[in-house]
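Residue-level listing of the chains:
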Amino acid sequence: MAKAKNVLFIMFDQLRWDYLSCYGHPHLKTPNIDRLAQMGMRFTRAYIQSPICGSSRMSTYTGRYVHSHGASWNGIPLKVGERTMGDHLRDNGMDCFLVGKTHMRADEEGMARLGLAPDSIIGARVSECGFDVFERDDGMLPEGPDGSYDPDGAKEYNKYLRAKGYESDNPWHDFANSGLDEDGNVLSGWFLKNSPEPANIAEEDSETPYLTGRGMAFMEQHDGPWCYHLSYIKPHWPYIVPEPYASMFGPEHVLPVVRSDSERQNAHPVFKAFMDTKVGETFSRQDVRDAVIPAYMGLIKQADDQMGRLFKWLEDTGRMQDTMIVLTSDHGDFLGDHWMGEKTFFHDTSTRVPLIIYDPSPEADSTRGKVCDALVECIDLAPTFVEVAGGKPAYHILEGESLLPILHGTATDTRRDYVICEYDFSATPVAHINHIAVRDAVMFMVADKRWKLSHFEGGHRPMLFDLENDPQELTDLGDSVEHADIIAQMYDKLFAWTRRQSQRTTRSEEQLIEMRTKTRKRGVVIGVYDENDTALELTVKYRGRKAPDMKQGPGH
């Protein structure tokens, strides 16, 4: 096997870490992803940096925490000056391309201020989170009385569907994400009761196979070295899938819900606010879980089959020999666990993601098929890719750490002893309905291998879980006097994180060390009473000099 020349960075949207058979799901068999894990390394403690699509992805793409890059929720632009994975990789001779979703919003005001034209090369990259776009598809074209959520959603995909004969003003909705009754009525996938319906589309034309094909089309046209982000839309809602996947699973395959009555009755006030949302109330019903989860499993099974198609193509074309493959997700999905739907809280169902890395290089032979329980954050991927490109990660900007030492067997753990996740929900209905001020609608998670603490602004007590004795996170110890010392220790870790240097991105450590040792030789002499009180070489420009007497000015 050769050294990795390229990086294929695969991300699924809203894929729970425990809904793959290699992570222990008893009914959902994912042999192709499992095979990748056997060829590479599987990480069991990989955490996102925010439990929402946009801010989680911005952390992964920048290699920086949300507090550093500032894109704290969907639709909040990444600042025009933030360097991204693509910027770091191009500095080291590796291109960076996209097929699929980023959830990126351009900082149009910042670009205009700096005179960056959106149709220029630099302007396009700034607008697209540092990627050169082969095809962007954020995957949704929902429409309401005030217009479309994302007018550019599914743009190319809808063109493809119309060319195939799926006639509609929005074939993404009417065919790919809806069923059909016997009278020809569209059964919208937005309504969860329709999740068991088969999507009204030929399987090969649905979103996941489509993006797989676009990914292979990209690789056919590019030799590399490249980092190529193949960013799938599913198994994110709408939860509906075409046949044969719509019939593969039923309520009998739905795992028992993870929740307790005491968890709800004694809920932390912020946690209760999220439980009491419409999506939380809906997913607390078993009939909803029985309708949705089989479709969710079908979407994942389809994704695994497409991984089999993709990996075979890579092998047949020889690309498996020089391409690192990274497979992960941007967050999980509660699916009714903890009386919740969606992903916007800090339980492992949301914040823990699958991470599998296959490195073709001989250095990784000793770790093939191994499982790693190191504390890993998604911000670790950017410095890892920089090292694959042959560069040295700019750690005054990148806040993660390269995983190559673990992949190559020279390390068994990361240097960190905690992981961080943040959520700013100030722009959400939860904050509005509960009259939570913008400044207070923020929460932070700090977790190690034993404990997980969640801090809430607004004067609330924390939440605390004992991950060793309560891995399902059902018993909140945040108000336990017996755990006051543990809470203090976890707060110490959170405070240590807040004190990190994150905004000095224009000078590296090496440059600072050079500055503090070389400035002395550039003429600044402070605190020296006599020229003989310091090294003479430092004052050579100030000794033995002659000048006329000019105290009365020129001509006197």
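Preceding block: the structure.
Since this is a predicted model, take the numbers as computed values, not measurements.

Rules of the game
- Residues numbered from 1 in each chain as written.
- Predicted model: local features only at pLDDT ≥ 70, side-chain atom pairs only at ≥ 80, totals over all residues.
- Heavy atoms only, no water.
- Core = buried A, V, L, I, M, F, W, Y, C linked by side-chain atoms within 4.5 Å.
- Buried < 20%, exposed > 50% of the residue type's maximum accessible area, 1.4 Å probe, protein only.
- Contact = heavy atoms within 4.5 Å.
- Helix = DSSP H or I, 4+ residues; strand = E, 2+ residues; numbered from the N terminus.
- Salt bridge = Lys/Arg side-chain N within 4 Å of Asp/Glu carboxyl O.
- Pairing = 2+ DSSP bridges.
- Axes fitted to C-alpha atoms, helices over the stretch in contact; angles between N-to-C directions.
- Polar contact = N/O pair within 3.5 Å; in protein donor to acceptor, adjacent residues only side chain to side chain.
- Phe/Tyr/Trp six-rings, centres within 6.5 Å; stacked < 30°, edge-to-face > 60°.
- Lys NZ or Arg CZ within 6 Å of the ring centre and 35° of its normal.

Draft legend 1. Region of the structure containing the nonpolar core. Formed by 69 residues in total, the largest nonpolar core has its most connected members in Phe9, Phe43, Met324, Phe345 and Phe385. In this view, Phe345 contacts Pro51, Val270, Phe271, Phe274, Phe334, Met340, Ser350, Thr351, Met443, Phe456 and Met463; residues no more than four positions away in its chain are not counted. In this structure, Tyr228, Tyr296, Met297 and Phe311 belong to the second largest nonpolar core, which totals 61 residues.

Draft legend 2. Summary view of the side chain of His88. On the secondary structure map, His88 appears in helix α4 (residues 85–90). Since its relative accessible area comes to 5%, His88 is described here as buried. Not counting residues up to four positions away in its chain, the partners in contact with His88 are Arg83, Val386, Ala394, Ile397 and Leu398.

Draft legend 3. Inspection of the pattern of salt bridges at higher detail. Under the counting rule described, the total for this entry stands at 41 salt bridges. We note a salt bridge from Asp13 to Arg57, for which the minimum N-O separation is 3.6 Å. Taken together, the positions of Asp13 in strand β1 (residues 6–13) and Arg57 in helix α2 (residues 53–62) put the pair 44 residues apart, joining distant regions of the chain. Put simply, Asp13, Arg57, Lys101 and Asp330 are held in one network by salt bridges that share partners.

Draft legend 4. A look at the sheet that holds strand β15 (residues 442–447). The antiparallel open sheet is built from four strands, whose spatial order is β14-β15-β16-β17. At either end of the open sheet lies a strand with only one pairing partner, and these are β14 (419–424) and β17 (463–466). In this sheet, adjacent strand axes meet at a mean angle of 10° when their direction is disregarded. In the sheet, β14 pairs with β15 via six bridges, with the strands oriented antiparallel. When the bridges of β15 are listed, Glu422 appears paired with Phe444. Along the sheet, helix α18 (residues 484–498) contacts β14, β15, β16 (451–456) and β17; its crossing angle with β16, the most-contacted strand, is approximately 70°.

Draft legend 5. View of the environment of Arg136. With respect to the helices, strands and loops of the structure, Arg136 is situated in strand β4 (residues 132–136). Overall, the relative accessible area of 23% leaves Arg136 in the partly exposed class. The spacing of Arg136 and Val99 is 37 residues in sequence and 5.5 Å in space, taken between C-alpha atoms. At a separation of 2.8 Å, a polar atom in the side chain of Arg136 contacts the side chain of Glu128. Within the local environment of Arg136, its side chain forms a polar contact with the side chain of Asp138, the two groups lying 2.8 Å apart.

Draft legend 6. Quick look at the packing of aromatic side chains. What the rule picks out here adds up to 28 aromatic pairs. Ring-pair connections join several aromatic residues into one group, and the members of that group are Phe271, Phe274, Phe345, Phe346, Tyr423, Phe425 and Phe456. Above the face of the Tyr23 ring, Arg42 is positioned so that its terminal group lies 4.7 Å from the ring centre. In this structure, Arg500 is placed above the aromatic ring of Trp497, and the distance from its NZ or CZ to the ring centre is 4.2 Å.

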